[in-house]
Amino acid sequence: MKPPVEQALKEIERVVGAEHLLTDAATLSRYSVNMLAAADILPAAVVRPASTAELQQVLKIANAAKTPVWTLSGGQNRGYGMACAATPGTLIIDLKRMNRILEVNVDLAYALVEPGVTFAQLYRYLRDNDIPLWMDVPSGSPEGSCLGNITERGAGYTPMGEKFLFSCGMEVVLADGQVLRTGTGTLPNSQTWQVFKWGYGPSLDGLFTQSNFGIVTKAGFWLMPRPPAYEPLAVTMDDPEAVYKAVEILRPLKLNMVIPNGACVTHVRKALGLTACWGEGKNILPRVGRRFDYPAETLKALKERYALGEWNFAGALYGLPETVRTYRGIVEDAFRSALPGCRFLSAEEQAASPYWRAREKAMRGEPQWEFDMSDWEGKAGALWISPVAPVTNEAVEQQIRIAEETYAKYGFHYAAELILGTGRDLHHIIWLLFDRSDAEERRRAELCEREMYDRYCEVGYLPYRTGLSTGDYLMRKLGPFRDICHDLKQLFDPNNILSPGKSGIDLANRS
Ligand code: ADP
């Protein structure tokens, strides 16, 4: 450890107390796993401030000593980097102790939380207090942070799935310790901080998402009144080409808000990967499902056993019972006329399959584990490659072709989910599963990921998010945008202490 860092750590210890500045080997190793790196990326220490005031002091010390820090809220970030910094020797700021649900406003349907508040915690709070509001959850882990998922612009499965769109008001600590509130929170006694997004003057919230210009310490977001009727829809399609028609069927249903939620069309390999996370699937699938390499006969048997087609649509209807009934008829007609071979599963069939049960929960905001699949024998590496597409069959065909060709070249198997957000765009979330204990396979995974970015960007599809190892690679494709991000970094954080390398923004590496 360099002397200024050592001195800064001593000062930081005085602020947070010795038990919240951790330097033991076991802790450091928990914060060091990078999916693609050959060696662990060990941090210098982990600090756990208890409040915004403590964090301000920590940053003032780190800034004066030019000590780099890396922010984590829930510390999950599965598929996009885990609880780890981009570079070794960083001071991890783990915000888990700042875990107060500051407000849930039942009348206006919003919440204001600190970074450590997890999906599981907020879900329990709403349930245990009998609050008739639903929240949005992403896939992945119930221990993920509600706020962290907003700063990463995550996508979920309820009508409020586009997390940043439905966020409202942030508190941010800047590198020099100053506190900034966005939106109408710029007035200290604002009465509209969580109800009106825009405030007065420039809207700054976006600057603090997928960036390293500040640390978000509070975030507001909207919740959804629990509807009188809720109906999950499960449609299986056996034809491998059905996905293209499904996209065309769904576009008007989404644009007209018949299906208002983050609805998904999921490939069978991904659905089975998820099935492996729950109940009986847990025991059966991990072995046969490694790298999604299912022999044809096994795949056929598993499809039958878990009520899955080659492609699987999950969406939901919300509202009054009569609205839901009418909308169900509209959706059934649309699917059946364009895809006569499709099948709507009954409520009993859905309840019997771990995959469909999990979809039913996700679309009404109940958090659950979806990641055990990528943990076989502690060796699995999992990455999401997530290009966005317009909701058209041509675009989806082009994107799937690129993925299949590239995966075949590197010896992987395509497994993906299309999440339809507003009806105009879809997130094509492609799972890359590999054995990270095998150096050759890990290297192949890295090359595969990069080539996917090359090919998608070449034809105009930008991923909505990347993992830690590829932030710089992707950012370098973005020309003047990259320069402006570095100008902003210079302005907000001239000493380059906040999460250097996040989204490829790093003043030490700007040329
Ligand atoms: P989650 O647990 O929700 O998956 P993490 O806490 O692992 O999320 O954070 C994921 C990434 O988001 C981090 O690597 C960091 O770059 C960014 N991040 C997390 N919390 C904050 C925050 N409070 N302010 C700014 N960026 C954050």
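If you check an unreviewed UniProt entry, the protein appears there as 4-cresol dehydrogenase [hydroxylating] flavoprotein subunit from Thauera aromatica K172. Its UniProt record, at the heading Cofactor (unreviewed entry), says of the protein: "FAD".

Caption draft 1: Up close: helix H10 (residues 321–338). Between its terminal C-alpha atoms H10 stretches 26 Å, which fits the 26 Å expected from 18 residues at 1.5 Å a residue. For H10, every residue scored as buried is listed here: Val324, Arg328, Val331, Glu332 and Phe335. Projected down its long axis, H10 carries its buried residues within an arc of 100°, all on one side. Residues of H10 that are exposed and point more than 90 degrees away from the buried face comprise Asp333 and Ser337.

Caption draft 2: Structural view of the pairing of strand E13 (residues 263–267). The element E13 is largely enclosed, with a buried count of 5 among its 5 residues. Going residue by residue along E13, you find Ala263, Val265 and His267 tucked away on one face and Cys264 and Thr266 tucked away on the opposite face as well. Strand direction decides the pairing type here: E13 and strand E18 (residues 416–420), joined by 4 bridges, are antiparallel. Considered in E18, the bridge of Ala263 is made with Leu420. Bridge count for E13 against strand E14 (residues 311–319) is 4 bridges, and the pairing is antiparallel. Along E14, the bridge assignment pairs Val265 with Phe313.

Caption draft 3: Examining the site of the ligand more closely. Taken together, 18 residues form the shell around the ligand, and within it Ser73, Gly74, Gly75, Asn77 and Val216 come nearest. A distance of 3.3 Å separates an oxygen atom of the ligand from a polar atom in the side chain of Trp70. Starting from 560 Å² of accessible surface for the ligand in isolation, the protein chains cover 96%. Contributing elements (two or more residues each) for the shell around the ligand: strand E3 (69–72), helix H5 (146–151) and strand E10 (215–222). Tallying contributions element by element places E3 first for the shell around the ligand, with 3 residues. Here the shell around the ligand gathers at least three residues from each of two domains, domain 1 (3–94) and domain 2 (101–225).

Caption draft 4: Layout of the sheet that holds strand E6 (residues 110–113). Taken in spatial order, the 5 strands line up as E5-E6-E10-E8-E9 in an open sheet, and their pairing is antiparallel. The strands lining the two open edges of the sheet, one partner per strand, are strand E5 (101–105) and strand E9 (179–181). Ignoring which end each strand starts from, the neighbouring axes of this sheet average 10° apart. Where E5 and E6 come together, 4 bridges link them in antiparallel fashion.

Caption draft 5: Summary view of the packing of aromatic side chains. Throughout the structure, instances matching the rule amount to 11 aromatic pairs. Seen in terms of ring centroids, Tyr230 and Tyr318 are 5.5 Å apart; in terms of plane orientation they differ by 40°. Their pairing is tilted. Taken together, the residues Tyr230 in strand E12 (residues 229–237) and Tyr318 in strand E14 connect sequence positions 88 residues apart. An identical accessibility class is assigned to Tyr230 and Tyr318; each is buried.

Caption draft 6: Local environment of unusual backbone geometry. Residue Ala109 is not a glycine yet carries a positive backbone phi of 55°. By the element assignment, Ala109 lies in the loop between E5 and E6. Here Ala109 falls in the buried class, since its relative accessible area comes to 10%. Residues other than glycine seldom take positive phi values, yet Asp130 does so here, at roughly 50°. Along the chain, Asp130 falls in the loop between helix H4 (119–128) and strand E7 (133–134). With relative accessibility at 59%, the residue Asp130 sits in the exposed group.

Caption draft 7: The arrangement of the pattern of salt bridges in detail. Going through the model one piece at a time under the given rule, you end up with 28 salt bridges. With a closest N to O distance of 2.7 Å, Glu114 and Arg100 form a salt bridge. In this pair, Glu114 is assigned in the loop between E6 and H4 and Arg100 in the loop between strand E4 (91–94) and E5, connecting sequence segments 14 residues apart. Residue classification places Arg100 among the partly exposed residues on the basis of a relative accessible area of 49%. Between Lys218 and Glu171 there is a salt bridge whose closest N-O contact spans 2.9 Å. Placement of the pair is Lys218 in strand E10 and Glu171 in strand E8 (residues 167–173), with a sequence separation of 47 residues. Among the residues examined, Lys218 registers a relative accessible area of 12% and is labelled buried. In this structure, a network of salt bridges that share partners links the residues Glu231, Arg328, Glu332 and Arg336.

Caption draft 8: Layout of a nonpolar patch on the surface. A contiguous nonpolar patch, built from Leu108, Val195, Phe196 and Trp198 and spanning about 400 Å² of accessible area, is present on the exposed surface. Along the chain, the position of Val195 falls in the loop between E9 and E10. Assessed through its relative accessible area of 34%, Val195 is described here as partly exposed.

Caption draft 9: A look at a negative patch on the surface. On the surface, Asp238, Asp239, Glu241, Glu394 and Glu397 cluster together to form a negatively charged patch. Along the polypeptide, Glu397 turns up in helix H13 (residues 393–410).

Caption draft 10: Geometry of the domain arrangement of the protein. Partitioning the protein into structural domains gives domain 1 (3–94), domain 2 (101–225), domain 3 (229–468) and domain 4 (469–509). Computed over C-alpha atoms only, the centres of domain 2 and domain 3 are separated by 27 Å. Contacts between the two partners involve 22 residues from domain 2 and, on the opposite side, 23 residues from domain 3. Of the roughly 1900 Å² buried between domain 2 and domain 3, counting both surfaces, carbon and sulfur atoms make up 63%. When the buried area of domain 2 at its contact with domain 3 is split by residue, Tyr123, Trp134 and Tyr157 rank highest and sum to 32% of it. Counting every contact that joins domain 2 to domain 3 gives 1 salt bridge.

Conventions and cut-offs
- Within every chain, residues take consecutive numbers counted from 1 along the sequence as written.
- Per-residue local features of the predicted model are confined to residues with pLDDT of at least 70, and side-chain atom pairs are confined, for both listing and counting, to 80 or more; whole-chain, interface and lining totals are unaffected and use all residues.
- Excluded from the side-chain calculation are hydrogens and water; included are all heavy atoms of the structure.
- UniProt positions are given in the numbering used here, feature names are shortened, and annotations may be inferred rather than shown by experiment.
- Runs of E in the DSSP output that reach at least two residues are strands. Runs of H or I that reach at least four are helices, and both are numbered from the N terminus.
- A helix's residues, less one, multiplied by 1.5 Å, set its expected span.
- Only protein chains enter the area calculation, which uses a 1.4 Å probe; residues under 20% of their type maximum are buried, those over 50% are exposed, and those in between are partly exposed.
- Within this analysis, the arc is defined by the directions that extend from the helix axis to the C-beta atoms.
- By this definition, two strands are paired if DSSP reports at least two bridges between them.
- For each residue, the test is whether any non-hydrogen atom lies within 4 Å of the molecule or strand; if one does, the residue is near.
- Pairs of N or O atoms within 3.5 Å make up the polar contacts considered here, provided that, within protein, one atom can donate a hydrogen while the other can accept it, and that residues adjacent in sequence are counted only when both atoms are side-chain atoms.
- The method behind every accessible area is Shrake-Rupley, applied with a 1.4 Å probe, and residues are considered shielded solely by the protein chains displayed.
- Segment limits for the domains were obtained from an automatic or database-derived domain assignment.
- Only the stretch in contact is used when a helix axis is fitted, and all axes are lines through C-alpha atoms; the angle between N-to-C directions ranges over 0 to 180 degrees.
- For this analysis, a ring pair means two rings from Phe, Tyr or Trp (six-membered ring only for Trp) whose centres lie within 6.5 Å, classed as stacked if their planes differ by under 30 degrees, edge-to-face if by over 60, and tilted for the remaining angles.
- Salt bridge criterion: a side-chain nitrogen from Lys or Arg within 4 Å of a carboxyl oxygen from Asp or Glu.
- In this scheme, patches are assembled from residues that exceed 30% relative accessible area and form no salt bridge. Like charges are connected within 9 Å, while nonpolar side chains (Val, Leu, Ile, Met, Phe, Trp, Tyr) are connected within 5 Å.
- Positive charges come from Lys and Arg alone, negative charges from Asp and Glu alone, with His and the N- and C-terminal ends not counted.
- A single reference atom marks each charge: NZ on Lys, CZ on Arg, CG on Asp, CD on Glu.
- In this description, contact between two residues means that some pair of their heavy atoms is separated by no more than 4.5 Å.
- Buried area: the accessible surface (1.4 Å probe) lost by two parts on joining, summed over both.

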